[in-house]
Structures are given as C-alpha cells and as structure tokens.
Amino acid sequence: QKEVEQNSGPLSVPEGAIASLNCTYSDRVSQSFFWYRQYSGKSPELIMSIYSNGDKEDGRFTAQLNKASQYVSLLIRDSQPSDSATYLCAVNENYGQNFVFGPGTRLSVLP
Amino acid sequence: DAGVTQSPTHLIKTRGQQVTLRCSPKSGHDTVSWYQQALGQGPQFIFQYYEEEERQRGNFPDRFSGHQFPNYSSELNVNALLLGDSALYLCASSLAGQGVGQPQHFGDGTRLSIL
C-alpha cells in the first residue's frame, strides 16, 4: 500500500514568518512530487511540482526533495494570511497513472 | 482558456439510488482522473481514463464506474449509493506524457450528499 504522510496540523505561523510543510512517502520508485493548496470548500490548486533532488523555487515558495530519505517539503517565505489553507502533498511514480495524496496539513497564518 | 469543469455542483440522493457526475477536461488535456475526498481527508484515487479506456483503478468497488468520450470528457457513475459515498468528487485532467507524471489540474468538484 503506497502511503503519503503529512502532519495534519494545524500549523500556526505569524505573518511574515517562514512556514515549513513536510511530507514523507513510502514508494521508493516515486518520481514526481506535487504540492497543492486547498482552501476550505474549494478544489486543490497546483502550487509546485518537483522531479529532481534539491530545491526548486517559485516566488515565495520553495519545494525541496530528498529521494534517499523519501522526503519532500514546501517552504513558504513571508507568509501571508491569504496563505491560510490546507496543503496537500501528492506523489506519482514513474509511468504510474494516479496520484497518491497525503491527508494535508492545515496552515494558519496569524496577522 | 477553459479550465476543468464539473457538473452538477451539488447533488442530494438517497441510499440505493444511482448518480452520474460529469467532467470536461482543461483545453488541450486528454486524460481524466476521478477522486473522492471525504471531509478532512486527502483525495482518494478512483480511476483514470485515457483514450476512452480505464487505465488504472484505485481501491473502489465495482459500484463505481466511468466512461470517457471521444472529446475527452468523462462521466463517473455510482450505483447503489451508500451513506459513506457522501463526499466531494473531484475530476482532474492532465496531458499524457512520457516518463514523469504530468501535473493534474482539478475542477471545482461535485458535492454529493446521501440521505
């Protein structure tokens, strides 16, 4: 059974701080990793994708991947109250057809 | 650029009934995946359609079935509804690629409530 684990939170950070969200996965052949943001009552929205070990930056967001440790993280710099949402980690193995989602981490950015 | 569209937005059914949910993929996408998301949980993969065939299936019973049409749109059918089928049903589309998985883009979902 392929599993993706996340701390369900809630993770509370003050406005302007760095929010760090973590995800571990069980399937060693996983090759593609994605972070989605989901506001309450809305559908998931793609934030970042990462395929290679190391860091990938996009604006205030940085995704980090360590395949040896089966670990992927998302850093949000200069957190804003509008970043308050549930962040879903999704993992997809090479040539695999489906995404396995974690349960999500609820982030609350306090003004 | 039209994104993923789903219909209906909300649906209320009773136990034992059947339901059909519809999805049109994002322009240029050819692959449709369906997910079930219970309250407070991550989306659970139901199945994926490509070239009008079910390409992969998650751990869902045969009561869940689907179809993809030549224009890439898709339907999800659920028979003999149970109370536990109450959830947000999400459709995601992507472009079939070689090698690494392609990002999936989600529609707004259909909220299904079973009474």
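Here, every reference points to the structure presented above.
Criteria and thresholds
Residues numbered from 1 in each chain as written. Chains lettered and ligands numbered in written order. Predicted model: local features only at pLDDT ≥ 70, side-chain atom pairs only at ≥ 80, totals over all residues. Heavy atoms only, no water. Salt bridge = Lys/Arg side-chain N within 4 Å of Asp/Glu carboxyl O. Helix = DSSP H or I, 4+ residues; strand = E, 2+ residues; numbered from the N terminus. Buried < 20%, exposed > 50% of the residue type's maximum accessible area, 1.4 Å probe, protein only. Disulfide = S-S within 2.5 Å. Contact = heavy atoms within 4.5 Å. Polar contact = N/O pair within 3.5 Å; in protein donor to acceptor, adjacent residues only side chain to side chain.

With respect to the pattern of salt bridges
Residues and elements named next belong to chain A. Tallied over the full model, the rule gives six salt bridges over all chains. A salt bridge links D83 to R60; its shortest N-O distance comes to 2.9 Å. Taken together, the residues D83 in the loop between β8 (71-76) and β9 (85-93) and R60 in the loop between β6 (54-58) and β7 (61-66) connect sequence positions 23 residues apart. We classify R60 as partly exposed; its relative accessible area is 27%.

Thoughts on the state of the cysteines
Summed over the entire model, instances satisfying the criterion amount to two disulfides over all chains. Between the sulfur atoms of C23 of chain A and its disulfide partner C89 of chain A the distance amounts to 2.1 Å. Measuring the twist about the S-S bond at about -70 degrees, one finds the C23 of chain A-C89 of chain A disulfide to be left-handed. Note that C23 of chain A is positioned in strand β3 (residues 19-25) and C89 of chain A in strand β9, a separation of 66 residues in sequence. As far as the burial class goes, C23 of chain A and C89 of chain A line up, both buried. Between the sulfur of C23 of chain B and that of C91 of chain B lies a disulfide, 1.8 Å long from S to S. Disulfide C23 of chain B-C91 of chain B: torsion about the S-S bond near -60 degrees, hence left-handed. Within this pair, whereas C23 of chain B is found in strand β3 (residues 19-24), its partner C91 of chain B is found in strand β9 (residues 87-94), the two being separated by 68 residues in sequence.

Some details on the interface of chain B and chain A
Taken together, the contact between chain B and chain A spans 22 residues of the former and 20 residues of the latter. On inspection of chain B and its partner chain A, the count reaches zero salt bridges. Summed over the shared surface of chain B and chain A, the number is four residue pairs in polar contact (both at pLDDT 80 or more). Every element with two or more residues in the side of chain B that touches chain A is listed here: β4 (31-37), β5 (44-50), β6 (53-57), β9 and β10 (105-106) of chain B.

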